[in-house]
Amino acid sequence: MQYRPVGKSGLKVSAIALGGWLTFGARVDEAISGEIIRAALEQGINFIDLADVYGAGAAEQVVGGLIGELRREDLVLSSKVFWPMSDDPNDRGLGRKHIRQSVERTLRNLRTDYLDLYFCHREDPETPLEETARAMDELVRQGKVLYWGTSVWQPRTLRKAHALAKRALHYAPQVEQPRYNLLDRHIEKRLMPTAARLGMGLVVWSPLAGGILTGKYNDTTPPESRGGQTDWLRGELTDENLRRVRAFCELAREMSVEPAQLALAWILARDEISSVITGATSVDQLRSNLGALDVRLGADVQSRIAELFPA
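These figures come from a predicted structure and were not determined experimentally.

Caption draft 1: Inspection of the nonpolar core at higher detail. Of all hydrophobic cores here, the largest spans 90 residues; its most connected members are L18, F24, Y118, L262, L286 and I305. Among the elements that take part in this core, helix α10 (residues 259-268) stands out by supplying eight residues, more than any other. In contact with L286, other than residues within four places in its own chain, are L18, I36, A39, A40, I45 and A280. With 11 residues, the next largest nonpolar core counts L11, V76, V175 and I277 among its residues.

Caption draft 2: Summary view of the side chain of D52. Relative to the assigned elements, D52 resides in the loop between β4 (47-49) and α2 (58-64). No salt bridge is formed by the buried D52. Its closest oppositely charged neighbour is R105, at 4.6 Å. Sequence-distant contacts of D52, defined by excluding residues within four places in its chain, comprise G57, E60, S79, K80, V81, F82, M85, S102 and T106.

Caption draft 3: Structural context of the pattern of salt bridges. Throughout the structure, instances matching the rule amount to 18 salt bridges. Two residues, E188 and R270, come together in a salt bridge whose shortest N-O distance is 3.5 Å. Taken together, the residues E188 in the loop between β8 (175-176) and α6 (191-198) and R270 in the loop between α10 and β10 (273-278) connect sequence positions 82 residues apart. Assessed through its relative accessible area of 16%, E188 is described here as buried. By relative accessible area, R270 is classed as partly exposed at 23%.

Caption draft 4: A look at the environment of L198. With respect to the helices and strands, the residue L198 is situated in helix α6. As for L198 and K8, which are separated by 190 residues in sequence, their C-alpha atoms are 8.8 Å apart. Excluding its chain neighbours within four sequence positions, the residues that come into contact with L198 are L158, R159 and H162.

Conventions adopted
- Residues numbered from 1 in each chain as written.
- Predicted model: local features only at pLDDT ≥ 70, side-chain atom pairs only at ≥ 80, totals over all residues.
- Heavy atoms only, no water.
- Core = buried A, V, L, I, M, F, W, Y, C linked by side-chain atoms within 4.5 Å.
- Buried < 20%, exposed > 50% of the residue type's maximum accessible area, 1.4 Å probe, protein only.
- Helix = DSSP H or I, 4+ residues; strand = E, 2+ residues; numbered from the N terminus.
- Contact = heavy atoms within 4.5 Å.
- Lys, Arg positive; Asp, Glu negative; His and termini not counted.
- Salt bridge = Lys/Arg side-chain N within 4 Å of Asp/Glu carboxyl O.

Listed below in structure tokens is the structure:
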């Protein structure tokens, strides 16, 4: 396993992380989830990425159920706050009240007394950034959170958050979690250089574009599949994208690797990336994803990929 620093912080995370979105507490039952998590740790993964909204807390509870048999100090646990968790008008957003209530609920679910990383899951236009930044700083000073971060924030908001932190002597966000894959390279233009200037790490989600880059939709999109039922994913299944993915899968076959491994390896080749968050519904899928660490991309392969998926 490779371990990479989270920006300019002293924290190191596995290059491949295990995420709980759409799997733990949802599509994958608790027993199999436990097998996947144990296998991930055996293979050197130390970063488990969660959110309060994943399975309405069920994903956190699945991991929390295993905490007693694991060495907490070996884990980098993250969760997130923003999305509504009930009908209560204060049980959402990035106001101080919701952040405080959400972190306490998350800590109970995970059966731990601190989070290594805590992400603001989106920007909150209804709450002053000063209030959010102060609330996150308080959690760090209380020891309930070691580092705080953001997810899908705009570069200008990240710059403002760091300016506020510098002025008020607060802890600044150390990591941003954006969507990033071969079909969505928008972060390269502004977010990547901004994060680098601010000393922030990048841990990215949806590295396989919802499974499109594995080739699973190359021939057909079954109505009952995720691609057939998810609006944003259906929007990615254009004729042009599928043409590119078919050629990409042929390149992977030439290299004797899985398309998913090649897609992950392409992201990992970027120095800006601290970790790639992957999901898994089986131990076999987890091990296949980890094979990306052994894929080396020569200049010719990088060139062919760039032609297929221009920035």
